[in-house]
Amino acid sequence: MKIDTKALVEKYGTPLYVYDFDYITNRYTTLKDAFSGKKSIINYAVKANSNLSVIAHLAKLGAGADCVSIGEVNRALTAGVDKYKIIFSGVGKRDDEIREALQKDILMLNLESEAEMKRVELVAKELGKEARISIRVNPNIDPQTHPYISTGLHENKFGVEIDMAKRMYIYANKSEFLNPVGIHFHIGSQLTKLDPIRESAQIVADLVRSLKAIKIDIKFFDVGGGIGVVYDDEVTIAASDYTQAIFRATKGLDVTLLCEPGRYMVANAGVFFTKVLYEKNNDGKRFVIVDGGMNDLIRPSLYDAYHKIEAIGVEGEKTPADVVGPVCESGDFFGKDVPLPPLEHNDLLVVHSAGAYGFTMASNYNTRAKPAEVALQDGEDRLIRERETYEDQVRLELKYL
Ligand code: LLP
């Protein structure tokens, strides 16, 4: 990202999220092109970065949305995503969420248990509607990623096993209020190996074939999200290898291919800027204390995730330092033993790859206001979310004081 960082930071302050929309365009187009020749929808996983302007940007390019709450469904609709490109997934949908999703006539609800299917049937019956559904199959494949973001093993809470899925399809097919149009799997996030995806796609495609044999016709084949990105020196999956594996698995099936990338679209579109407050040394251990905290970007604390950190425009010999925030937790860090030059008050650090699961996982812990968000597009910068104020944070409490 080529930007005048100093000017940006002066204009918008820190901590600050900045997203390169041209990069997002590029990612979308690369993936979409890799699907060329097949019917496909790229359902952007809104959870990765749910800023309305980010979703709207992708919607204009033709993207759909993968949502995990009615809030996300509403964000997608507000941002202009076509309702027939919106899917609603998640293991725990409430009745009111199911009702609203059916009323809003989105493409389909992605079901994760038999109990949920019965709930959806009941709500659809109350509304006098037929619910378009897909079923999330848990193929029991090890995605070879961090255990916290692995979802495709039977020990994970997600999806249903193949036999159960088949029984659910048979039930749904007979129901007056359910229309089983899709099938889905998602085995994990930050996937860097193609084999687990290939194997899962084959298992699920075989299920589609066996359903076809009993006259249950699946129209949407959803391979989930999870394509990994480069944070450090990972070797990632090329878009065309990914789609070729899916094409091979679904050979001969007349389906629309769906995928739900989140991180792939936005992780490396985003950076997080934070300013140095102080340096300190505890018995030889160097700390750089910055104005951003784990409440702004929790991935390092939560997953021990690596984010590259650099000082902007500062020269000098680099020595290792822990980059830590002001939050009252020892886990409040962005990086450990980061090679950094000597730093002074107000020097600027950039935390890379912060576009996915950055702002969306931010909180107000320690009554810290959430950062502002800025978009860069065609050489211009524009604010897409104001910095929160103290008043924003106490608004829902003040009247009860
Ligand atoms: N589809 C489903 C059903 C999902 O559960 C997820 C992510 C995605 C798509 C998008 O996955 P992606 O393409 O972004 O890998 N907070 C964690 C990631 C949690 C992912 C949860 N599900 C992190 O910061 O690494």
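First, a word on scope: everything that follows refers to the structure included in this document. (Residues numbered from 1 in each chain as written. Predicted model: local features only at pLDDT ≥ 70, side-chain atom pairs only at ≥ 80, totals over all residues. Heavy atoms only, no water.)

As a further point, take the side chain of Thr 5. With respect to the helices, strands and loops of the structure, Thr 5 is situated in helix H1 (residues 5-12). Look past the residues within four positions of Thr 5 in its chain and what remains in contact with it is Phe 273, Ile 312 and Leu 348. (Helix = DSSP H or I, 4+ residues; strand = E, 2+ residues; numbered from the N terminus. Contact = heavy atoms within 4.5 Å.)

Right, let's get into the site of the ligand. Taken together, 19 residues form the shell around the ligand, and within it Ser 189, Glu 260, Arg 299, Tyr 303 and Tyr 357 come nearest. At a separation of 2.3 Å, an oxygen atom of the ligand approaches a polar side-chain atom of Ser 189. In the environment of the ligand, a nitrogen atom lies 2.5 Å from a nitrogen or oxygen atom belonging to the side chain of Glu 260. Within the complex, 92% of the 590 Å² of free accessible area of the ligand lies under protein. Considering only residue class, the shell around the ligand consists of six nonpolar, seven polar and six charged. Two domains each provide a minimum of three residues to the shell around the ligand, namely domain 1 (5-16 + 268-392) and domain 2 (35-261). (Near = heavy atom within 4 Å. Polar contact = N/O pair within 3.5 Å; in protein donor to acceptor, adjacent residues only side chain to side chain. Areas by Shrake-Rupley, 256 points an atom, 1.4 Å probe, with all protein chains shown as cover. Nonpolar A, V, L, I, M, F, W, Y, C, P; charged D, E, K, R; others polar. Domains from an automatic or database assignment.)

With 19 residues, helix H8 (residues 195-213) ought to run about 27 Å at 1.5 Å a step, and its terminal C-alpha atoms sit 27 Å apart, in line with that. All buried positions along H8 are accounted for by Pro 196, Ile 197, Ser 200, Ala 201, Val 204, Ala 205, Leu 207, Val 208 and Leu 211. The buried side chains of H8 occupy one side of the element, clustering within an arc of 155° when seen end-on. Where H8 is buried, its residues touch helix H7 (162-174), strand E7 (178-184), strand E8 (220-222) and helix H9 (239-249). Following H8 by one or two positions, Lys 215 adopts a phi angle in the positive range, close to 65°. (Expected span 1.5 Å × (residues − 1). Buried < 20%, exposed > 50% of the residue type's maximum accessible area, 1.4 Å probe, protein only. Arc of directions from axis to C-beta.)

Moving on to the nonpolar core. Counting residues in hydrophobic clusters, the biggest one holds 107 residues, and the most contacted among them are Leu 31, Phe 221, Tyr 242 and Leu 349. Ranked by residues supplied to this core, first place goes to H8 with seven residues. Each of domain 1 (5-16 + 268-392) and domain 2 (35-261) gives at least three residues to this core. In this view, Leu 31 contacts Ile 42, Ile 227, Ala 239, Tyr 242, Cys 259, Pro 261, Tyr 264 and Met 265; residues no more than four positions away in its chain are not counted. The next biggest cluster of nonpolar side chains, apart from the first, holds 13 residues, and it includes Leu 8, Val 18, Ala 372 and Leu 376. (Core = buried A, V, L, I, M, F, W, Y, C linked by side-chain atoms within 4.5 Å.)

Spatial relationships are all this shows, so hold off on functional conclusions.
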